[in-house]
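Each chain, written out:
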Amino acid sequence: MPKVRAKITIASKDQNNAYETIALLGKEKIIYQEPDTKTKVTFDYANNKLIRNNEELNMEYEFNLLEKTIGIIEVKSLKNYLNLNIITKEYIKERRNITLTFLVENEEINYKIEVEEWV
């Protein structure tokens, strides 16, 4: 998979985080690591899924515009799973760029991936 520079933006009521990172870009997914953490993030374009994985947690959110889906968070140390209600309010895909607005248990989150350039 080729490397690209990507700008990631995550905003909610309690946080506003934006950063640039190097990502691997495939036909059906983009993979990057969050800065200063060991969290690997995959956005699966084919299945509209956001997957975050680190030593403590594995999270999978699936997005379906204006429909309720169930997000799953696995707490690895407890071998326990949490199911969260997700409602996708906005889903815009322009080539490999994604703009998402969704509710997780009634908290609104804005998530954006902007593929900027080939490395």
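This structure, assessed with the given rule, holds four aromatic pairs. Ring geometry for Y61 and F102: centres 6.1 Å apart, planes at 80 degrees, overall edge-to-face. With Y61 in strand 6 (residues 57–62) and F102 in strand 9 (residues 97–104), the pair connects residues that are 41 residues apart, well separated along the chain. With a relative accessible area of 2%, F102 lands in the buried category. Summarising the aromatic geometry, the rings of F63 and F102 are spaced 4.8 Å apart at their centres and angled 55 degrees between planes, so their arrangement reads as tilted. One end of the pair, F63, is in the loop between strand 6 and strand 7 (68–75); the other, F102, is in strand 9, with 39 residues separating them in the sequence. According to the relative accessible area criterion, F63 is buried, its value standing at 3%. Among the aromatic residues, those joined into a ring-pair cluster are Y61, F63 and F102. Residue placement shows R96 over the ring face of Y45; its charged tip is 4.7 Å from the ring centre.

Tallied over the entire structure, the rule returns three salt bridges. Between E34 and R52 there is a salt bridge; the shortest N-O distance is 2.9 Å. Highlighted residues: E34 in the loop between strand 3 (29–33) and strand 4 (40–44) and R52 in strand 5 (residues 49–53), separated in sequence by 18 residues. By relative accessible area, which is 27% here, R52 ends up partly exposed. Note that E60 and K49 form a salt bridge whose closest N and O atoms lie 3.6 Å from each other. Taken as a pair, E60 in strand 6 and K49 in strand 5 lie far apart in primary sequence, eleven residues in all.

In this structure, N58 sits in strand 6. Residues within four places of N58 in sequence aside, it is in contact with I51, R52, N53, I72, I73, E74 and K76.

Right, let's talk about the pairing of strand 6 for a bit. Two elements, strand 5 and strand 6, share five bridges in a ladder whose sense is antiparallel. Looking at the pairing, R52 lines up with M59 of strand 6. Counted between consecutive antiparallel strands, the loop separating strand 5 from strand 6 contains three residues. Pairing between strand 6 and strand 7: four bridges, direction antiparallel. Opposite L57, over in strand 7, you have V75 as the bridge partner. Linking strand 6 to strand 7, which pair antiparallel, is a turn of five residues; within it L66 sits at a positive phi near 60 degrees.

Conventions we followed
Residues numbered from 1 in each chain as written. Predicted model: local features only at pLDDT ≥ 70, side-chain atom pairs only at ≥ 80, totals over all residues. Heavy atoms only, no water. Phe/Tyr/Trp six-rings, centres within 6.5 Å; stacked < 30°, edge-to-face > 60°. Helix = DSSP H or I, 4+ residues; strand = E, 2+ residues; numbered from the N terminus. Buried < 20%, exposed > 50% of the residue type's maximum accessible area, 1.4 Å probe, protein only. Lys NZ or Arg CZ within 6 Å of the ring centre and 35° of its normal. Salt bridge = Lys/Arg side-chain N within 4 Å of Asp/Glu carboxyl O. Contact = heavy atoms within 4.5 Å. Pairing = 2+ DSSP bridges.

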